[in-house]
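Here are the chains, one letter per residue:
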Amino acid sequence: LADVKIESARPWLMRARLADRFALDSHRAFLVGDAAHEMPPSGGFGLNTAVGDAHNLAWKLAQASAGAANGRDLLASYERERRPAAAANVALSVDNWRRGLLIPEALGLPPRALDLAKVAAPTSAAFKTTTAAARAAVLA
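> Which parts of the structure should I look at to understand the nonpolar core?
General note: in soluble globular proteins, nonpolar side chains tend to be found buried as a group. In this structure, Leu18, Ala19, Phe22, Ala23, Phe30, Leu31, Ala36, Leu57, Leu75, Tyr78 and Ala86 together form the largest nonpolar core, which totals 11 residues. Here this core gets 3 residues from one element, more than from any other, and that element is helix α2 (residues 71-100). Judged by nonpolar contacts, the second largest core, of 8 residues, contains Met39, Phe45, Trp97 and Leu101.

Here is the structure:
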């Protein structure tokens, strides 16, 4: 491994964020996956939620672009259906992450000593939601 050169490294920070809206500009632009939500990897909900978003939106876009009479209503339903599902998965991932911190604690290793309890505060305007801010405050 002598020929391997590390170009950069950054610490991982647990993030739990949810966009205020998944549909923008009168349903002409949509947020899907990590653009709409971020969650810790505890539980494997990130990719599953993103695939659910993409599947939900893809067939609706296909119907709307094919001229379906209810195309606008279908596109309007994307945010109404997917944002609550993403919010639930963000919350469950955070709960899983917090329970995972109990393991080192039970072994006598405080999570802060292991540098596992860092939480990134929501910074992007699109992610500044009451839910995300409340979760970040709980984890701080």
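> Quick question: what am I supposed to make of the environment of His55 here?
Topologically, His55 is positioned in helix α1 (residues 45-65). For His55, a relative accessible area of 58% puts it in the exposed group. Considered as a pair, His55 and Val32 are 23 residues apart in the sequence and their alpha carbons are 10.0 Å apart.

Cut-offs used in this document
Residues numbered from 1 in each chain as written. Predicted model: local features only at pLDDT ≥ 70, side-chain atom pairs only at ≥ 80, totals over all residues. Heavy atoms only, no water. Core = buried A, V, L, I, M, F, W, Y, C linked by side-chain atoms within 4.5 Å. Buried < 20%, exposed > 50% of the residue type's maximum accessible area, 1.4 Å probe, protein only. Helix = DSSP H or I, 4+ residues; strand = E, 2+ residues; numbered from the N terminus.

Everything listed here is a matter of coordinates, which is why it stays silent on function.
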